[in-house]
Amino acid sequence: MIEFFAAPSPNAHKVSITLEELGLPYEVRLMNLQGQEHKEEWFLQINPNGRIPAIRDHDEGGFAVFESGAIMIYLAEKAGRLLPSDAKKRSVAIQWLMFQMGGVGPMMGQANVFTRYWPEDLPRVAARYRNEGRRLMEVLNRRLGEAEYLAEEYSIADIANFCWARMCNFPGVKTDDLPHLTRWIAAIDARPAVQRGVQVPMNIDWLRTAGPETPEMVVQSARKILWQ
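Quick caveat: nothing in here was measured; it's all calculated off a predicted structure.

Focus: the overall build of the protein
Scanning the protein for helices and strands turns up nine helices and four strands. Mapped in sequence order, the helices and strands of the protein form the string β-α-β-α-β-β-α-α-α-α-α-α-α. The C-alpha atoms of the protein give a radius of gyration of 17 Å, which matches the 17 Å a tight globule of 228 residues would have. Going through the 228 residues of the protein one by one, you find that 52% of them count as buried. Taking as baseline every contact in the protein between residues at least 6 positions apart, the subset at least 24 positions apart corresponds to 68%. Here the protein has roughly 10,600 Å² of accessible surface; of this, 51% comes from carbon and sulfur atoms. Taking the average place of the 26 positive charges on the side chains of the protein and the average place of its 28 negative ones, the gap between the two points comes to 4 Å.

Notes on the nonpolar core
Formed by 65 residues in total, the largest nonpolar core has its most connected members in F4, L75, M137, L181 and W184. Of all elements in the fold, only β1 (2-6), α1 (10-22), β3 (54-57), α3 (68-79), α4 (87-117), α5 (123-144), α6 (156-165) and α7 (179-189) reach the threshold of two or more residues within this core. Per-element tally for this core: the top contributor is α4, with 10 residues. Apart from residues lying up to four places away in sequence, L181 is in contact with M137, L140, N141, L144, A165 and T175. If you look at the next biggest cluster of nonpolar residues, it comprises five residues, including Y117, M167, I204 and L207.

Some thoughts on the sheet that holds strand β4 (residues 63-66)
Taken in spatial order, the four strands of this open sheet run β2-β1-β3-β4, and their pairing is mixed. Only two strands of the sheet have a single partner each, and these edge strands are β2 (26-30) and β4. Here the average twist between neighbouring strands, direction ignored, is 20 degrees. Inspection of the sheet shows β3 paired to β4 by four bridges, in the antiparallel sense. Bridged to I55 within β4 is V65. Its contacts with the sheet place α1 against β1, β2 and β3, and it is angled at close to 155 degrees to β1.

Here's the deal with the packing of aromatic side chains
If you walk through the whole model with that rule in mind, you get 11 aromatic pairs. Measuring from centroid to centroid gives 5.6 Å for F63 and Y74, while their planes differ by 35 degrees, and the two rings are tilted. Highlighted residues: F63 in strand β4 and Y74 in helix α3, separated in sequence by 11 residues. The exposure class of F63 is partly exposed, given its relative accessible area of 43%. Ring centres of Y117 and F170 lie 6.2 Å apart, and the angle between their planes is 55 degrees; this geometry places the pair in the tilted category. Of the two residues, Y117 sits in helix α4 while F170 sits in the loop between α6 and α7, which places them 53 residues apart along the sequence.

Examining unusual backbone geometry
With an omega of 5 degrees, the peptide bond between I52 and P53 qualifies as cis. Along the polypeptide, P53 turns up in the loop between α2 (41-44) and β3. A cis geometry characterises the amide bond from V200 onward to P201, with omega recorded as 0 degrees. Note on placement: P201 falls in the loop between α8 (192-197) and α9 (216-223).

Analysis parameters
Residues numbered from 1 in each chain as written. Predicted model: local features only at pLDDT ≥ 70, side-chain atom pairs only at ≥ 80, totals over all residues. Heavy atoms only, no water. Helix = DSSP H or I, 4+ residues; strand = E, 2+ residues; numbered from the N terminus. Rg over C-alpha atoms; globule rule 2.2 N^0.38 Å. Buried < 20%, exposed > 50% of the residue type's maximum accessible area, 1.4 Å probe, protein only. Contact = heavy atoms within 4.5 Å. Areas by Shrake-Rupley, 256 points an atom, 1.4 Å probe, with all protein chains shown as cover. Lys, Arg positive; Asp, Glu negative; His and termini not counted. Charge placed at Lys NZ, Arg CZ, Asp CG, Glu CD. Core = buried A, V, L, I, M, F, W, Y, C linked by side-chain atoms within 4.5 Å. Pairing = 2+ DSSP bridges. Axes fitted to C-alpha atoms, helices over the stretch in contact; angles between N-to-C directions. Phe/Tyr/Trp six-rings, centres within 6.5 Å; stacked < 30°, edge-to-face > 60°.

Encoded structure:
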């Protein structure tokens, strides 16, 4: 049994979708981020960085894994799916996973912060991260014009990038004119395991259409549980 420490966020959805796609049994532990539960000593023994998501694999003596990309690789290897077996194709999948970990996630995360949450109005800073988020979406769009999925076959690389790309509207990163990206998001959206995974630990799909014009009261409510 996989114990999954989560709160509603794109990084947690990377893990929940992977678990659903692989059909691995798991239980969700919803973390109280507002109460700083993720900074408590017991959790720091699981994730020294004090962030969600993290897992404990009780089939392996409670083996802990932190960092969402590392969790996805661990789960894919455990189940023997969602990572190509061919060495070169596997490398391509991991390259696109690292593209999300090192680029899409951090840049889109900062776009969220400076567009939606920062107490001061810093338009040039917010624009810098939105523009970089847009550039990264263009990189994905170009790749997806060459192949159906990022590593040719559906993999954890697609799941990782999808979880952030699907939320681009939240900080105001427009992608309507990127046809290959739009096609790919719709195809992944339609997968039953994905539809289940994005409901874990709770439904936040309304944020997909919540652009920068969304009332501040709604944004502050979302801030209590998202992207901490």
